[in-house]
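Remarks on the overall topology
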Amino acid sequence: QVQLVESGGGLVQAGGSLRLSCAASGRTFSSNTMGWFRQAPGKEREFVAAVRRSGISYYVDSVKGRFTISRDNAQNTVSLQMNSLKPEDTAVYYCATSFAIVATTPVTTTQPDYWGQGTQVTVSS
């Protein structure tokens, strides 16, 4: 079993920045892809970003150039630096692991086996 705990959400004005962090514990698999998904009110959960153990990263088109995902394999953590935030980035953000990237244009993933509890990000206009 894997536990994922997110932190770093909050309220920010448009154009601002936030950094989300996720710590994995339990039966962790350092070789697994780790990533972030988000769910806005009334919408389905969507992929945001992922990073392989090698450091290769993937992003949904809407966040490219604004968000940066990184991981620390020794600490089993993954972070998401979010810059130039927009109101449409408002959502609950979920950390996830144990999933596969099956396509890259656009990025498509399998359903993750493990999810965090989610952290709210609100961007005001």
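Structural notes, computed from the coordinates. (Residues numbered from 1 in each chain as written. Predicted model: local features only at pLDDT ≥ 70, side-chain atom pairs only at ≥ 80, totals over all residues. Heavy atoms only, no water.)

**What to know about the overall build of the chain**
Scanning the chain from N- to C-terminus turns up 0 helices and 13 strands. For the chain, the N- to C-terminal ordering of α and β elements is β-β-β-β-β-β-β-β-β-β-β-β-β. At 13 Å, the chain has a C-alpha radius of gyration in line with the 14 Å of a compact globule built from 125 residues. Dimensions along the principal axes, computed over C-alpha positions, put the chain at roughly 40 × 30 × 25 Å. Evaluated residue by residue, the chain yields a buried proportion of 43% over its 125 residues. Contacts in the chain between residues at least 24 apart in sequence constitute 57% of all its contacts with a sequence separation of at least 6. Taken as a whole, the chain presents about 6,300 Å² of accessible surface, with 47% of it coming from carbon and sulfur. (Helix = DSSP H or I, 4+ residues; strand = E, 2+ residues; numbered from the N terminus. Rg over C-alpha atoms; globule rule 2.2 N^0.38 Å. Buried < 20%, exposed > 50% of the residue type's maximum accessible area, 1.4 Å probe, protein only. Contact = heavy atoms within 4.5 Å. Areas by Shrake-Rupley, 256 points an atom, 1.4 Å probe, with all protein chains shown as cover.)

**Digging into the pairing of strand S8 (residues 77–82)**
Pairing between strand S3 (residues 18–26) and S8: 6 bridges, direction antiparallel. The residue of S8 that forms the bridge with Cys-22 is Val-78. In this sheet, S8 lies alongside strand S7 (residues 67–72) in antiparallel orientation, the contact comprising 6 bridges. In the sheet register, Thr-68 faces S8, and the bridge partner there is Gln-81. In this structure, the hairpin formed by S7 and S8 is closed by a connection of 4 residues, where Asn-76 is found at a positive phi of approximately 55°. (Pairing = 2+ DSSP bridges.)

**Side note on the pairing of strand S4 (residues 34–39)**
Two faces belong to every sheet, and in a regular strand the side chains alternate between them. By the criterion of burial, S4 is predominantly enclosed, with 5 of the 6 residues buried. Sheet topology places S4 next to strand S5 (residues 46–51); 5 bridges connect them, and they run antiparallel. Bridging from a neighbouring strand, Gly-35 pairs with Ala-50 of S5. Joining the antiparallel neighbours S4 and S5 is a turn of 6 residues, in which Gly-42 adopts a positive phi near 75°. With 6 bridges joining them, S4 and strand S9 (residues 91–97) adopt antiparallel strand pairing. Note on S9: the bridge partner recorded for Gln-39 is Val-92.

**Thoughts on the pattern of salt bridges**
Counted according to the given criterion, the structure contains 4 salt bridges. The residue Asp-61 makes a salt bridge to Lys-64 at a minimum N-O spacing of 3.1 Å. The exposure class of Asp-61 is exposed, given its relative accessible area of 59%. The salt bridge partner of Arg-66 is Asp-89, with a shortest N-O separation of 2.7 Å. (Salt bridge = Lys/Arg side-chain N within 4 Å of Asp/Glu carboxyl O.)

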